Amino acid sequence: MSVMIPRNSRIPIKKREIFCTGLDNQPRISFPVYEGESTIPKQNNLLGKFVLDGIPSVPAGEAEFEVWFDIDANGILSVSAEDMSTGQKKGITIHKTVTEKL
């Protein structure tokens with residue numbers, strides 16, 4: 001797991017990183033989106049996830065994905081991933097929620 005946007009980063013902000021498959025002939029890849037700074041997923045807050053299906057059958061590490069994290073001026077997080085070999089793209093948008101205590 002990677003920290004894509006460090007705590008206290010100024011917004012708006014965009015970050016891009018390239019990831020690849022970890023298994024031979026991996027047909028899909030899941031992109032969980034967490035809030036937190038730990039490299040251990042269960043120590044962070046899961047905000048959402050999405051899956052890219054239909055990845056071509058290739059050896060581990062050959063299928064590459066361009067992943068974008070974008071937080072706009074309103075605090076809305078958009079995460080997208082594109083399979084660089086097929087152009088298939090999916091993503092998720094996460095809106096900030098405010099809980100008001102009475």
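Refer to the preceding data block for the structure.
These numbers were taken from a predicted model, which means no experiment stands behind them. Along each chain, numbering runs from 1 in the same order as the chain's sequence is written. Where totals are concerned, whole chains, interfaces and linings use all residues; where local detail is concerned, this predicted model gives features only for residues with pLDDT of at least 70, and gives and counts side-chain atom pairs only at 80 or more. Only heavy atoms go into the side-chain values, all of them from the structure, while hydrogens and water stay out.

## Looking at the sheet that holds strand E5 (residues 77-83)
- Here the rule is simple: two strands pair whenever DSSP picks up at least two bridges between them. Every helix listed is a DSSP run of H or I at least four residues long, and every strand listed is a run of E at least two residues long, numbered separately from the N terminus. Reading across the sheet, the 4 strands line up as E1-E4-E5-E6 and stay open at both edges, with antiparallel pairing between neighbours. Every other strand in the sheet has two partners, leaving strand E1 (13-20) and strand E6 (89-94) as the edge strands with one partner each. Strand-to-strand twist of the sheet, defined as the mean angle between neighbouring strand axes without regard to direction, takes the value 15°.
- Examined bridge by bridge, strand E4 (residues 64-71) and E5 share 7 bridges and lie antiparallel to one another. Across the sheet, the residue bridging to Val67 is Ala81, located in E5. Helix axes are fitted to C-alpha atoms over the stretch in contact, other axes to C-alpha atoms as well, and angles between N-to-C directions run from 0 to 180 degrees.

## Some thoughts on the pairing of E4
- Across 8 bridges, the pairing between E1 and E4 is antiparallel. Each residue of the ladder has a partner; that of Ile13, found in E4, is Ile71.
- Between E4 and E5, which pair antiparallel in sequence order, lie 5 residues; one of them, Gly75, sits at a positive phi of approximately 80°.

## Concerning the environment of Pro6
- Relative to the helices and strands, Pro6 resides in the segment before E1.
- For the pair formed by Pro6 and Phe65, sequence separation is 59 residues and the distance between their alpha carbons is 21 Å.

## Focus: the pattern of salt bridges
- Any Lys or Arg side-chain nitrogen found within 4 Å of a carboxyl oxygen on Asp or Glu counts as a salt bridge. Applying the stated rule across the entire model yields 3 salt bridges.
- Among the ionic pairs, Glu37 bridges to Arg7, the shortest N-O distance being 3.7 Å. In this pair, Glu37 sits in the loop between strand E2 (28-35) and strand E3 (45-53) while Arg7 sits in the segment before E1, placing the two residues 30 residues apart along the sequence.
- The classification of residues rests on relative accessible area computed with a 1.4 Å probe and restricted to protein chains. Under 20% of the type maximum is buried, over 50% is exposed, and intermediate values are partly exposed. For Glu37, a relative accessible area of 43% translates into the label partly exposed.
- The partner of Glu66 in a salt bridge is Arg16, and the shortest N-O contact between them spans 2.9 Å. Within this pair, whereas Glu66 is found in strand E4, its partner Arg16 is found in strand E1, the two being separated by 50 residues in sequence.

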